[in-house]
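# Coordinates in review
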Amino acid sequence: GAVVSQHPSRVICKSGTSVKIECRSLDFQATTMFWYRQFPKQSLMLMATSNEGSKATYEQGVEKDKFLINHASLTLSTLTVTSAHPEDSSFYICSGVGTVNQPQHFGDGTRLSIL
Amino acid sequence: AQKITQTQPGMFVQEKEAVTLDCTYDTSDQSYGLFWYKQPSSGEMIFLIYQGSYDEQNATEGRYSLNFQKARKSANLVISASQLGDSAMYFCAMREGWNTGNQFYFGTGTSLTVIP
C-alpha cells in the first residue's frame, strides 16, 4: 500500500522552541495533504488542508502564524509549530491523497511534548 | 448535525468471534466515499476498507467487510474471526464529493478489545 513517512516520531523540547515536522509520500504523489491534531482518546481534529504549490487552508480556530504549513512538492509537506508552548503538546499526524478514489494515507504521527 | 456517528465507545469480543462496529453518516451528496481506519495504541492510522457511494456490492478486504446500507446511511464494519491484534481504536470516515481536497469527516471512534 501507499506509504507516508512522517518524522520525527517524538519531540521533547523547551517552551519557545520552533519544531518542524516533515511528511513525505514515498511511493505516490500526494495531490493534497492534511494535518491533524489528536488529543488522547479523541478523534482526529483537522488543522489544515494543503495542495501542492498553494497556500494551506486552515480550519477555524487554527492559528496560521503558529502552525506554518508548506507543501512545496507533491511528495513533501511540513508543519512548523512556531514558538511552541506546553498547550501545543499533542499528537500530530499527517496524511496524503493522490487520486480521488484513494483513501488518505497517514504518517505514523509525531508526539510533541513541550516542557 | 454530525457527519459521522459511531455510537459504540467501547466493544469487547471473544477471540475468533465476529464483531460489528457501527457507523452512520449524514450527507446530501450523491457522491461520497466511506472509509474505516484502525489506530493501535502506537498511534498510526491504518487504512482498512473503502466503500464508494455508487458501489453496489459491499466492500471486502480479507477479514474486514463493510455492510453498506445506503438507504439507512450506515456503513458498519464487520471483522470476522477476531484476533488479539485487532484490539485498537476504529474510526469511520467519510469524504463528500469527488475532489482530493475534500476533507474527511471522522467519527469519535470505537475502542475494540479482543478477549483471549
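Here, the structure is the one placed above.
Quantities reported herein were computed from a predicted structural model and do not represent experimental measurements.

### Concerning the interface of chain B and chain A
Each partner contributes residues to the interface: chain B has 22 residues there, and chain A has 25 residues. For the pairing of chain B and chain A, the buried interface totals around 1700 Å² over both sides, and the portion due to carbon and sulfur atoms is 60%. Contact with chain A buries surface across chain B, with Met45(B), Thr100(B) and Phe106(B) losing the most and accounting together for 30% of the total. Taken together, the links from chain B to chain A amount to 0 salt bridges. Contributions of two or more residues to the side of chain B that touches chain A are made by strand E5 (32-39), strand E6 (46-52), strand E10 (88-96) and strand E11 (104-106) of chain B.

### Notes on the sheet that holds strand E3 (residues 19-25) of chain A
Hydrogen bonds between backbone groups are what pair the strands of a sheet, and the pairing can be parallel or antiparallel. Residues and elements named next belong to chain A. One open sheet holds the 4 strands; their spatial order is E1-E3-E8-E7, and the pairing between them is antiparallel. On the outer flanks of this sheet lie strand E1 (4-7) and strand E7 (67-73), each paired with one strand and no other. Looking at each pair of strands side by side, their axes are set apart by 15 degrees on average, direction ignored. As paired elements, E7 and strand E8 (residues 76-81) share 5 bridges and run antiparallel to each other. Paired with Ile 69 across the strands is Leu 79, a residue of E8.

### Description of the packing of aromatic side chains
By convention here, two paired aromatic rings are described through the distance between centres and the angle between planes. One pass over the full model with this rule turns up 14 aromatic pairs over all chains. Put simply, the rings of Phe34(A), Tyr36(A), Phe106(A), Phe35(B), Tyr37(B), Phe47(B), Tyr50(B), Phe104(B) and Phe106(B) touch in pairs and so form one group of aromatic residues. Lying across the ring of Phe91(A), Arg111(A) places its NZ or CZ 4.5 Å from the centre. Above the plane of the ring of Tyr64(B) lies Arg63(B), whose end atom (NZ or CZ) is 5.7 Å from the centre.

### Structural notes on the nonpolar core
In this structure, Leu21(B), Tyr25(B), Trp36(B), Ile49(B), Leu77(B), Tyr90(B) and Leu112(B) are the most contacted members of the largest nonpolar core, which totals 25 residues. Those elements that place two or more of their residues in this core are strand E2 (10-14), strand E3 (19-21), E5, E6, strand E8 (64-69), strand E9 (74-79), E10 and strand E12 (110-115) of chain B. It is E10(B) that contributes the most residues to this core, 4 residues altogether. Those residues within four positions of Leu112(B) in sequence are excluded, and the remaining contacts are Met11(B), Val13(B), Val19(B), Leu21(B), Ile79(B), Asp86(B), Ser87(B), Ala88(B) and Tyr90(B). Formed by 24 residues, the second largest nonpolar core is a distinct cluster that contains Ala30(A), Tyr58(A), Ile69(A) and Val81(A).

### A word on the state of the cysteines
The full count for this structure, using the stated rule, is 2 disulfides over all chains. One disulfide bridge connects Cys23(A) with Cys94(A), the sulfur atoms lying 2.0 Å from each other. Judged by the sign of its S-S torsion, about 85 degrees, the cystine formed by Cys23(A) and Cys94(A) is right-handed. With Cys23(A) in strand E3 and Cys94(A) in strand E9 (residues 90-97), this residue pair connects regions lying 71 residues apart in the sequence. In this structure Cys94(A) comes out as buried when scored by relative accessible area, which is 0%. The disulfide partner of Cys23(B) is Cys92(B), and the S-S distance across this bridge is 1.9 Å. Here Cys23(B) and Cys92(B) share a disulfide; its torsion about the S-S bond, -60 degrees, makes the bridge left-handed.

Thresholds applied
- Residues numbered from 1 in each chain as written.
- Chains lettered and ligands numbered in written order.
- Predicted model: local features only at pLDDT ≥ 70, side-chain atom pairs only at ≥ 80, totals over all residues.
- Heavy atoms only, no water.
- Contact = heavy atoms within 4.5 Å.
- Buried area = accessible area lost by both parts, 1.4 Å probe.
- Salt bridge = Lys/Arg side-chain N within 4 Å of Asp/Glu carboxyl O.
- Helix = DSSP H or I, 4+ residues; strand = E, 2+ residues; numbered from the N terminus.
- Pairing = 2+ DSSP bridges.
- Axes fitted to C-alpha atoms, helices over the stretch in contact; angles between N-to-C directions.
- Phe/Tyr/Trp six-rings, centres within 6.5 Å; stacked < 30°, edge-to-face > 60°.
- Lys NZ or Arg CZ within 6 Å of the ring centre and 35° of its normal.
- Core = buried A, V, L, I, M, F, W, Y, C linked by side-chain atoms within 4.5 Å.
- Buried < 20%, exposed > 50% of the residue type's maximum accessible area, 1.4 Å probe, protein only.
- Disulfide = S-S within 2.5 Å.

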